[in-house]
Amino acid sequence: MVVDDALIRRVDRAERGVQIAWTSGLSALARNPVGAEACDIGPATAVRAPNVDAPFYNRAFGIDRAATVLVSVLDWFAEISARPRIETIPHHLASEVVTELRRRGFSCSGFNSMFGAPVADLGGGDDYPDGEVPADRAAPADGISIERVDLDEFITAALRVSGSEFEQLIAPADELRAKHEGSAWHLYRGLIGAHTCAWARMRVAHGTASLCGANTAPNARGAGLQTALLRRRLVDARRLGCDLVAAQAEPGTTSQRNMERLGLHLAYHKAIWMPTTA
């Protein structure tokens, strides 16, 4: 696979789509308890939730080439007295944007590894009848099973494994339902024996399958659940007609190694800028 700007744009578009879907779902709740809102500002996408003190829900993408866009985005966040997390693609980043970020008190705090891979390179899917997936692509370790589940079953699994992010503002089940309603979402649980020990999700849009989150209960880590959940989603991505899989992970983590073992390729690193001064 050759990484080019077209692939980078698709991976970036997929990530933005996930954030917009979550934010739109939360904003549709009665009285919008977290104040969730998404906005396109020129080429940038920004999401904010003023009632949540968490950078993950106050962030902006696509501020790479023009300092004027950065200024407009920061002004939008200033309306709620928020300082966002700014995510950039380093080799697209104009020097004037770096200068303005630093002038505004931001520094680069880390990176994320962004992955993309043609589904045709990953095996599985249409080459095999339903239920007949090659062992090296979908068969989990002994004692592990992966199930695609409906939203209610996913909520039960996610709450059992991970809990809720906004318990003081939203009933946990309502939060998860708001963020994962709609046919674009494909939801999974991982079991050891009869016990639910992990969950995962995938969002499909514009021919791209976004592997946008998974978690395993601490006492079940190292058993192979995350690899099994990845394999199942890769197979389903092809069966659903996707031609690209997108994902991200913190550099050097087990998550990154699991993705690389299954054939996902590093497309680029995303730089994360955080405010360090008021």
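Remember, it's a predicted structure, so these values are computed and weren't measured experimentally.

Draft legend 1. Just the packing of helix 5 (residues 151-161) against helix 6 (residues 172-180), in detail. At a closest axis distance of 10 Å, the pairing of helix 5 and helix 6 adopts a crossing angle of 125°. Here helix 5 lies oblique to helix 6, going by the angle between them. As for how helix 5 packs across helix 6, the hand of that crossing is right-handed. Across the interface between the two elements, L151, D152, F154, I155, A158 and L159 of helix 5 pack against P172, A173, L176, R177 and H180 of helix 6.

Draft legend 2. How the structure looks around the environment of S95. Its place among the elements puts S95 in helix 3 (residues 95-103). As a C-alpha pair, S95 and A30 span 65 residues in sequence and 43 Å in three-dimensional space.

Draft legend 3. Structural context of the pattern of salt bridges. Evaluated as defined, the whole model comprises 16 salt bridges. E15 is paired through a salt bridge with R59; the nearest N and O atoms lie 3.9 Å apart. You can see E15 sitting in helix 1 (residues 5-27) and its partner R59 sitting in strand 3 (residues 59-61), a full 44 residues away along the chain. Across the pair, exposure class does not vary: E15 and R59 are buried alike. Residues joined by salt bridges that share partners form a network here, namely E15, R59, R85, E87 and K270.

Draft legend 4. Just the pairing of strand 1 (residues 37-41), in detail. Both strand 1 and strand 2 (residues 44-48) contribute to a ladder of five bridges, which runs antiparallel. If you follow C39 over to strand 2, its bridge partner there is A46. Two successive antiparallel strands, strand 1 and strand 2, enclose a turn made up of two residues, where G42 displays a positive phi of approximately 60°.

Draft legend 5. Here's a closer look at the packing of aromatic side chains. In this structure the tally under the stated criterion is five aromatic pairs. Arranged with centres 5.3 Å apart and planes meeting at 75°, the rings of F56 and Y57 form a pair that is edge-to-face. According to the relative accessible area criterion, F56 is partly exposed, its value standing at 31%. Residue Y57 is classed as buried on the basis of its relative accessible area of 5%. On the basis of an interplanar angle of 85° and a centroid distance of 5.7 Å, the ring pair of F154 and W199 is categorised as edge-to-face. Highlighted residues: F154 in helix 5 and W199 in strand 8 (residues 195-205), separated in sequence by 45 residues. For the pair F154 and W199, one class covers both residues: buried.

Draft legend 6. Spotlight on the state of the cysteines. All told, the structure shown has zero disulfides when counted by the stated rule. Cysteine C242 shares no disulfide, and the gap to the nearest cysteine sulfur, in C212, comes to 12 Å.

Draft legend 7. Highlighting the side chain of T208. Inspection of the secondary structure puts T208 in strand 9 (residues 208-211). A relative accessible area of 3% means that T208 is categorised as buried. Of the polar contacts made by the side chain of T208, one reaches the side chain of R10; its length is 2.9 Å.

Draft legend 8. Focus on helix 3. Among all positions of helix 3, only V97, V98, E100 and L101 are buried. Down the axis of helix 3, the sector holding all buried residues measures 165°, keeping them to one side. Away from the buried face of helix 3 by more than 90 degrees, exposed residues S95, T99, R102 and R103 are located. Where helix 3 is buried, its residues contact helix 2 (67-78), strand 4 (85-88), strand 5 (106-118) and strand 12 (265-275). The first or second residue beyond helix 3 is G105, which carries a positive phi of 90°.

Rules and cut-offs
- Residues numbered from 1 in each chain as written.
- Predicted model: local features only at pLDDT ≥ 70, side-chain atom pairs only at ≥ 80, totals over all residues.
- Heavy atoms only, no water.
- Axes fitted to C-alpha atoms, helices over the stretch in contact; angles between N-to-C directions.
- Helix = DSSP H or I, 4+ residues; strand = E, 2+ residues; numbered from the N terminus.
- Parallel < 35°, antiparallel > 145°, perpendicular 65-115°, else oblique.
- Left-handed = near helix turned anticlockwise from the far one by under 90°.
- Contact = heavy atoms within 4.5 Å.
- Salt bridge = Lys/Arg side-chain N within 4 Å of Asp/Glu carboxyl O.
- Buried < 20%, exposed > 50% of the residue type's maximum accessible area, 1.4 Å probe, protein only.
- Pairing = 2+ DSSP bridges.
- Phe/Tyr/Trp six-rings, centres within 6.5 Å; stacked < 30°, edge-to-face > 60°.
- Disulfide = S-S within 2.5 Å.
- Polar contact = N/O pair within 3.5 Å; in protein donor to acceptor, adjacent residues only side chain to side chain.
- Arc of directions from axis to C-beta.

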